[in-house]
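Notes for the structure review
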Amino acid sequence: MTEEASEFIEELEKRFGGSIGYRTYSTWFASSDGTVRNFGVFVYQIDSILHFEDFERKPSLFGIPLGSRKKQPKYEKFEGMINPADISDVTRVAKNQAMNCVLEGRDPARISPATSFQKLFSPLVTRILMKDGSAYFFELINHKEFITHI
């Protein structure tokens, strides 16, 4: 781990008053409130609480920053947390169905779990359905490991 990464982890542990036991990265994230992060979020667990946050991404080529021709909206940091006691269901679903749900404001509970066909031929995401009816969608590197830790 780089020194910069170690300092970042240390700062998070100070801010939330505990040590990070589990951490992973979600390459894509969406929430039923309409939030979508195409570059993903850092996911980590302190005590029993699951935290997630994104980072500003600036285009670069071989580490050299590139200017953008398009006027980009100002970056706004996104952070959230999930208390496992508030989760009602965790299921794998097709990413395209999750995206449609978020963009069209559909009920996330109505997305069917991934079929065998979808598991073979479609990108899948982990849907975390909350007791209040909201949902989070994570495209995780290892779904089973994630389930074990939450």
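Residues numbered from 1 in each chain as written. Predicted model: local features only at pLDDT ≥ 70, side-chain atom pairs only at ≥ 80, totals over all residues. Heavy atoms only, no water.

Turning our attention to the confidence of the model for the chain. Summarising the model, the chain shows a mean pLDDT of 89, and 89% of its residues fall at 70 or more. The element-level mean pLDDT for the chain is lowest in strand β5 (residues 60-61), coming to 62, with strand β9 (residues 124-130) highest at 98. (pLDDT = per-residue confidence, 0-100. Helix = DSSP H or I, 4+ residues; strand = E, 2+ residues; numbered from the N terminus.)

Before going further, it helps to examine the pairing of strand β7 (residues 79-82). Of the two faces of β7, only one is covered, namely that formed by Gly-80 and Ile-82; the face formed by Glu-79 and Met-81 stays uncovered. Relative to β7, strand β4 (residues 49-53) is paired through four bridges, and the arrangement is antiparallel. When the bridges of β7 are listed, Leu-50 appears paired with Ile-82. (Buried < 20%, exposed > 50% of the residue type's maximum accessible area, 1.4 Å probe, protein only. Pairing = 2+ DSSP bridges.)

The topology assignment puts Ser-31 in strand β1 (residues 20-31). Given a relative accessible area of 4%, Ser-31 falls into the buried group. Between the C-alpha atoms of Ser-31 and Val-102, which are 71 residues apart in sequence, the distance is 6.6 Å. Excluding residues that lie within four positions of it along the chain, Ser-31 makes contacts with Val-102, Ala-135 and Tyr-136. (Contact = heavy atoms within 4.5 Å.)

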